[in-house]
Amino acid sequence: MKSKEIIERLAAMPPRPPGVPAVPPIELVAMVTRMGRSLRQWKKETLADFACVSLSTIERVERAEPVGVESLDRVALALGYEKGAFTAARIPIPREQAAAEFVEEMGNLEAVPVRPFLTHRQVRMVAGTQAFLIHRPELGPAYDADVEALTEWIDLVSWVMGPHSIGGGEFNRRRDLCGNVLASVSELRRRGVTVLVAVMEAPIPGIPDWKVAIISLTPRLSDPGATNRRTILVDRRLVQPGPGYLPYLA
């Protein structure tokens, strides 16, 4: 079943009685599963592996066909939701509110080209931005020291080589700083982390050339597809000056 058909089926459903708990319709589960997999740029086989279900189960879910509760729970967990997200009864929110929340969430996402973080040129690119954001939602505390080291080197290289530096630093120092950043990146890769980098243009009033460097850290065990990723989705609202930088990673 195509996405358009699933949306049409959702739109044709009668409104649920207010205040009465109900299990999410399988059509909604199908759309959420398709979108979650697409945002991560996972193949169906990848989601099936993470969920410990068969490929045919994923295909049935995405076609809005009946699937057992246990399998749906596994798919939900694999996509980062809580157990029961697809199967437990809850009080539905009004359709208008759901639509508004969907538009608010998805309407601000922007696809930004991303590449493996490997070169001095990329370090200079990061240094030339007005801000940087390290995104590491799936890395546990065991990686804190490595992430802190990378953050400190990027802070230093940005101070020496960034848009507000004075003179840009001596050539040898600049080269050494780039090497230190890449050494930190290499250590993360050695520990099984995919390191990607992107620069997003996010102009704001008074600063039309505001740019944010986004560095994505993903464990290969939990996201093997990250090594082949060519874009990430970033919420534009969250890359503006101020606290709470957090990109929406795809």
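Residues numbered from 1 in each chain as written. Predicted model: local features only at pLDDT ≥ 70, side-chain atom pairs only at ≥ 80, totals over all residues. Heavy atoms only, no water.

Asker: With reference to specific residues and values, describe the nonpolar core.
Answerer: In terms of nonpolar packing, the biggest core is built from 25 residues, with Phe117, Leu150, Val195, Ile215 and Leu217 touching the most fellow members. Elements with a contribution of two residues or more to this core: helix 7 (120–127), helix 8 (144–161), helix 9 (171–190), strand 4 (193–201) and strand 5 (211–219). Every residue in contact with leucine 150, bar those within four places of it in the chain, is listed here: Ile134, Val181, Ser184, Val185, Leu188 and Ile215. Counting 16 residues, the second largest nonpolar core, distinct from the first, contains Trp42, Ala51, Val61 and Ala85. (Core = buried A, V, L, I, M, F, W, Y, C linked by side-chain atoms within 4.5 Å. Buried < 20%, exposed > 50% of the residue type's maximum accessible area, 1.4 Å probe, protein only. Helix = DSSP H or I, 4+ residues; strand = E, 2+ residues; numbered from the N terminus. Contact = heavy atoms within 4.5 Å.)

Asker: So, the environment of alanine 131: which residues are in play, and what are the values?
Answerer: Topologically, alanine 131 is positioned in strand 3 (residues 131–135). When its relative accessible area of 14% is taken as the criterion, alanine 131 is described as buried. Linking alanine 131 and tryptophan 210, residues 79 residues apart in sequence, is a C-alpha distance of 8.3 Å.

Asker: Go over helix 8 with me, naming the residues and quoting the values.
Answerer: Its 18 residues place the ends of helix 8 25 Å apart at the C-alpha level, agreeing with the 26 Å of an ideal helix rising 1.5 Å per residue. Taken together, the buried positions of helix 8 are Asp146, Val147, Leu150, Ile154, Val157, Ser158, Val160 and Met161. An end-on view of helix 8 places all buried positions within 165° of arc, on one side of the element. Projecting away from the buried face of helix 8 at angles above 90 degrees are the exposed residues Ala145 and Trp159. (Expected span 1.5 Å × (residues − 1). Arc of directions from axis to C-beta.)

Asker: Describe in detail the sheet that holds strand 5, supporting the description with residues and values.
Answerer: What the four strands build is an open sheet, ordered 2-4-5-3; its pairing is mixed. Edge strands, defined here as strands with exactly one partner in the open sheet, are strand 2 (115–116) and strand 3. The sheet contact formed by strand 2 and strand 4 spans two bridges and is antiparallel. Paired with proline 116 across the bridge in strand 4 is leucine 196. The sheet contacts of helix 8 involve strand 3 and strand 5, and relative to strand 3 the element is tilted by about 170°. (Pairing = 2+ DSSP bridges. Axes fitted to C-alpha atoms, helices over the stretch in contact; angles between N-to-C directions.)

Asker: Account for the packing of aromatic side chains, with residues named and values stated.
Answerer: Under the defined criterion, the tally for this structure stands at two aromatic pairs. Ring geometry for tyrosine 81 against phenylalanine 86: centres 5.8 Å apart, planes inclined by 50°, an arrangement best described as tilted. Its end group placed over the ring of tyrosine 143, arginine 191 keeps NZ or CZ at 4.4 Å from the ring centre. (Phe/Tyr/Trp six-rings, centres within 6.5 Å; stacked < 30°, edge-to-face > 60°. Lys NZ or Arg CZ within 6 Å of the ring centre and 35° of its normal.)

Asker: Please provide a residue-by-residue account of the packing of helix 3 (residues 44–51) against helix 4 (residues 55–62), values included.
Answerer: Packed helix pairs are specified by the crossing angle of their axes together with the interaxial distance, meaning the distance between the axes. Contact geometry for helix 3 and helix 4: axes closest at 8 Å, N-to-C directions at 110°. Taken together, helix 3 and helix 4 sit at an angle that is classed as roughly perpendicular. Facing helix 3, whose interface residues are Lys44, Glu45, Leu47 and Ala48, helix 4 presents Leu55, Ile58, Glu59 and Glu62. Its residues assigned to classes, the contact of helix 3 with helix 4 comprises four nonpolar, no polar and four charged. (Parallel < 35°, antiparallel > 145°, perpendicular 65-115°, else oblique. Nonpolar A, V, L, I, M, F, W, Y, C, P; charged D, E, K, R; others polar.)

Asker: Pulling in residues and values, what's your account of the confidence of the model for the chain?
Answerer: Per-residue pLDDT for the chain has a mean of 83; in total, 85% of the residues score no lower than 70. Confidence scores differ between elements of the chain, with helix 6 (residues 95–106) showing the lowest mean pLDDT of 66 and helix 4 the highest of 95. Counting interchain partners and residues more than four positions distant, the pLDDT-below-50 stretch residues 243–250 has 34 contacts. (pLDDT = per-residue confidence, 0-100.)

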